[in-house]
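So you can see what is in the structure, the chains are spelled out below.
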Amino acid sequence: MASETLLVAGGRVLRPDMRVTEADVLVDRDAGRIKAIDADRSADRDPDVRLDATDGLVVPGLVNAHTHVAMTLLRGYADDKPLDAWLREDIWPAEAALTPADVRAGAELGILEMIRSGTTAFADMYFHVPEVVAAVEKAGVRARVGHGAVTVGKDDPDARDDVEESIAVAREYDGAADGRVRTAVMPHSLTTVSEPLLREAAAAARDEGIPVHFHANETEDEVEPIVAERSTRPLSYADDVGILSARDFLAHAVHVDDSEIDKLSESGAAVVHCPASNMKLASGIAPVQRLLDAGVTVALGTDGAASNNDLDLFGELRDAAMVGKLAADDAAAVPAAAAVRMATQGGADALSLPGGRVEVGAAADLAIVDLDAPHLTPQHDLVSHLAYAARGSDVRHTVCDGRVLMRDREVLTLDAERVVGMARERAADLASRTA
Ligand SMILES: [Zn+2]
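Residues numbered from 1 in each chain as written. Predicted model: local features only at pLDDT ≥ 70, side-chain atom pairs only at ≥ 80, totals over all residues. Heavy atoms only, no water.

**Q** Teacher, can you tell me more about the UniProt feature "binding site: Zn(2+)" (unreviewed entry) in the chain here?
**A** This chain's UniProt record puts "binding site: Zn(2+)" (unreviewed entry) on H66, H68, H215 and D303. In three dimensions, the annotated residues from a span of 238 residues occupy one location, with a maximal C-alpha spread of 11.9 Å. Residues from the annotated list that form part of the lining of the largest pocket: H68, H215 and D303. Take H66: it is sitting in strand β8 (residues 62-67). For H66, a relative accessible area of 0% corresponds to the buried category. Ignoring any residue separated from it by four or fewer positions in sequence, one finds H66 in contact with A123, H213, H215, A251, H252, V272, C274, L300, G301, T302 and D303. Polar contacts involving the side chain of H66 include one to the side chain of H68, which spans 3.2 Å. If near-sequence neighbours (up to four positions away) are discounted, H68 is found in contact with D124, M125, Y126, H215, D303 and G304. (UniProt positions renumbered as here; feature names shortened; annotations may be inferred. 1 Å grid on protein atoms, 1.4 Å probe; cavity = no way out; pocket = protein on both sides within 12 Å on 5 of 7 lines; lining within 4 Å. Helix = DSSP H or I, 4+ residues; strand = E, 2+ residues; numbered from the N terminus. Buried < 20%, exposed > 50% of the residue type's maximum accessible area, 1.4 Å probe, protein only. Contact = heavy atoms within 4.5 Å. Polar contact = N/O pair within 3.5 Å; in protein donor to acceptor, adjacent residues only side chain to side chain.)

**Q** In this structure, what is going on with the pattern of salt bridges? I would like to understand it.
**A** Opposite charge on two side chains lets them pair, provided their charged atoms get close. A full pass over the atoms with the stated rule returns 35 salt bridges. Its salt-bridge partner being E108, residue K138 comes within 3.8 Å of it at the nearest N-O pair. Pair noted here: K138 is in helix α3 (residues 129-139) and E108 is in helix α2 (residues 100-116), with a separation of 30 residues, a long-range link. With its nearest N and O atoms 2.9 Å apart, the salt bridge here joins D162 to K154. Overall, K154 belongs to the partly exposed group, its relative accessible area being 36%. One network of salt bridges, in which partners are shared, links R104, E108, E131, K138 and R418. (Salt bridge = Lys/Arg side-chain N within 4 Å of Asp/Glu carboxyl O.)

**Q** Got a minute to help me understand the environment of G118 in this structure?
**A** By secondary structure assignment, the location of G118 is in the loop between α2 and β9 (119-126). Taking relative accessible area as the criterion, G118 reaches 0% and is therefore assigned buried. With 273 residues separating them along the chain, G118 and R391 place their C-alpha atoms 9.5 Å apart. Residues within four places of G118 in sequence aside, it is in contact with G61, L62, A367, V395 and T398.

**Q** Where do I start with the sheet that holds strand β1 (residues 5-9) in this structure?
**A** Pairing within the open sheet is mixed, and its four strands lie in the order β5-β4-β1-β6. On the outer flanks of this sheet lie β5 (33-38) and β6 (49-52), each paired with one strand and no other. Going across the sheet, the axis of each strand differs from the next one's by a mean of 20 degrees, ignoring polarity. Alignment of β1 against strand β4 (residues 24-28), held across four bridges, turns out to be antiparallel. Paired with L7 across the two strands is L26, which belongs to β4. (Pairing = 2+ DSSP bridges. Axes fitted to C-alpha atoms, helices over the stretch in contact; angles between N-to-C directions.)

**Q** Is there a simple way to explain the sheet that holds strand β15 (residues 270-273) in this structure?
**A** Note on sheets: strands pair through backbone hydrogen bonds, and any given pair is parallel or antiparallel. One open sheet holds the four strands; their spatial order is β13-β14-β15-β16, and the pairing between them is parallel. Looking at the sheet topology across the chains shown, the edges are occupied by β13 (213-216) and β16 (298-300). Each adjacent strand pair in this sheet contributes to an overall mean axis angle of 30 degrees, direction not counted. Across three bridges, the pairing between strand β14 (residues 249-252) and β15 is parallel.

**Q** Just to check I follow, could you spell out the layout of surface pockets for this structure?
**A** Remark: the empty space left among the atoms is shown by a probe the size of a water molecule rolled over them. Looking at the largest pocket, its volume works out to about 1200 Å³. The wall of the largest pocket is formed by 50 residues, among which L87, W92, V150, H188 and T192 lie closest to the centre. Elements with a contribution of two residues or more to the lining of the largest pocket: α1 (83-96), β9, β10 (142-149), α4 (156-173) and α6 (220-230). By residue class, the composition of the lining of the largest pocket is 20 nonpolar, 17 polar and 13 charged. Approximately 250 Å³ is the volume attributed to the second largest pocket. Taken together, 13 residues make up the lining of the second largest pocket; nearest its centre are L112, E113, R116, S117 and S393. The leading source of residues in the lining of the second largest pocket is α2, at four residues. For the lining of the second largest pocket, the residue count by class is six nonpolar, three polar and four charged. Two domains each donate at least three residues to the lining of the second largest pocket, and these are domain 1 (5-60 + 360-409) and domain 2 (62-351). (Points joined across faces, edges and corners; volume = space filled by probe spheres on them. Nonpolar A, V, L, I, M, F, W, Y, C, P; charged D, E, K, R; others polar. Domains from an automatic or database assignment.)

**Q** Which parts of the structure should I look at to understand the coordination of the zinc ion?
**A** For a metal with four tetrahedral donors the ideal donor-metal-donor angle is 109.5 degrees, whereas six octahedral donors ideally subtend 90 or 180 degrees. On the protein side, the zinc ion has H66 (NE2), H68 (NE2), H215 (NE2) and D303 (OD) as donor atoms, found 2.1 to 2.3 Å from it. Metal-centred angles of 84 to 172 degrees between the four donor atoms at the zinc ion mark the site as irregular. For the zinc ion, all donor residues lie on one chain, and their spacing in sequence is H-x1-H-x146-H-x87-D. Taken as a pair, H68 in the loop between β8 and α1 and H215 in strand β13 lie far apart in primary sequence, 147 residues in all. Look at H215 and you get buried, because its relative accessible area is 4%. (Donors = N, O, S within 2.8 Å, 3.2 Å for Na, K, Ca; no water. Tetrahedral: all angles 85-135°; square planar, octahedral: opposite > 155°, others 65-115°.)

**Q** Before we go on, may I ask you to explain the UniProt feature "domain: Amidohydrolase-related" (unreviewed entry) in the chain in this structure?
**A** Mapped onto this structure's residue numbering, the UniProt feature "domain: Amidohydrolase-related" (unreviewed entry) falls at residues 57-404. Each end of residues 57-404 is marked by a C-alpha atom, and these two atoms are 16 Å apart; helix forms 44% of the span and strand 17%.

**Q** What should I look at first to understand the environment of K280 in this one?
**A** Within the secondary structure layout, K280 lies in helix α9 (residues 275-280). Remark: the alpha-carbon pair of K280 and R160, spanning 120 residues in sequence, is separated by 33 Å. Filtering out sequence-adjacent residues up to four positions away, K280 remains in contact with A78, D79, A306, S307, N308 and N309. There is a polar contact of 3.2 Å between the side chain of K280 and the side chain of N309.

**Q** Looking at this structure, I do not really get helix α11 (residues 313-328). What am I missing?
**A** Helical geometry note: an α-helix holds 3.6 residues per turn, so side chains three or four residues apart project in the same direction. With 16 residues, α11 extends 22 Å between its outermost C-alpha atoms, agreeing within 8% with the 22 Å of an ideal straight helix rising 1.5 Å per residue. Of the residues making up α11, those classed as buried are L313, F314, E316, L317, A320, A321, V323, G324 and K325. Positive phi appears at D329, one or two residues downstream of α11, with a value of about 55 degrees. (Expected span 1.5 Å × (residues − 1).)

Structure below.
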């Protein structure tokens, strides 16, 4: 039996080299892969499913390479504080009260928001991970998920339990949801997990062939204790404990020196740049152009909704391009194409997930951006529009693994009204419990 086809017809296509060409995109739905990119628009006049891309640009589904998706329930819960006080006074106490059902509601809300803004894959560090997996499975997106382990402030058995849970979750769920869910072992950061347990997490991840994901060099406060205690830079310590390999990816890398940029480049570990969160928490500005110049794989992440405060990766794209220029004191730094690459190819490469490129044989993870809008007129340069002018609300259709997740701005895999209602209810209840 011939496999089912999906035709994305009538639009323009963003190619991996950042050229934009007129073409239809033909998808093999059973394989979840792009079968043809057809400039003649004659590939299949009778597809099983057709999406209208007239006045649209077909781009790879965006990749949100670092978030804590269920933190959508804490959106606007506490703002305008430095990272340490914000975590200790507001976020951690609220998170301690989160139930599995809260995490499910927050995850569905976050994924709904991401599908609507053209994101088809994300990396998630949180807890109650089975709930996040269930939400990913239902919504039809891809994710690399993990349990964020913290050992600081815990006695030995509790600390060990948390790291062992991170390892167990990574083993159990890798390959779930027909392979759309992959995992990572996720020690929270270099300062919140003890050295022996970081080494154990690393060894277990290596044994299983699973990546490690962690926060690093987000604030000066995270760098100084490591330098003081170990007389070495944080990423050299990360390398020493074994969590800086080509499969691993770390969030932030704001305060990195040249030796650490070299380490990243040599190891092949990827950086997830989270510009909005770094600005909001006044953490600093990552040296993105220097990382790119050194050949480091750079992806983009929103971080949690509580420090952003949305999961719209188009906002991140714009912020990355803008703040990258400021950091380099050079308007030519982090040009539009570099920012678009980070949100697509960089994300897929950092997370070792399919997608990120619209090309024959690639995963059919697509977003169709509606260009018929005043703020996207005229159209001198569509890559410029993606970086500087487009918003998540411009996305008309979203496709992941060959399946249509959103058609004409209506999400098909989640009941938007129910998801939003549930999230409101759970968030209000959480706030009353923690007040
Ligand atoms: Zn984070």
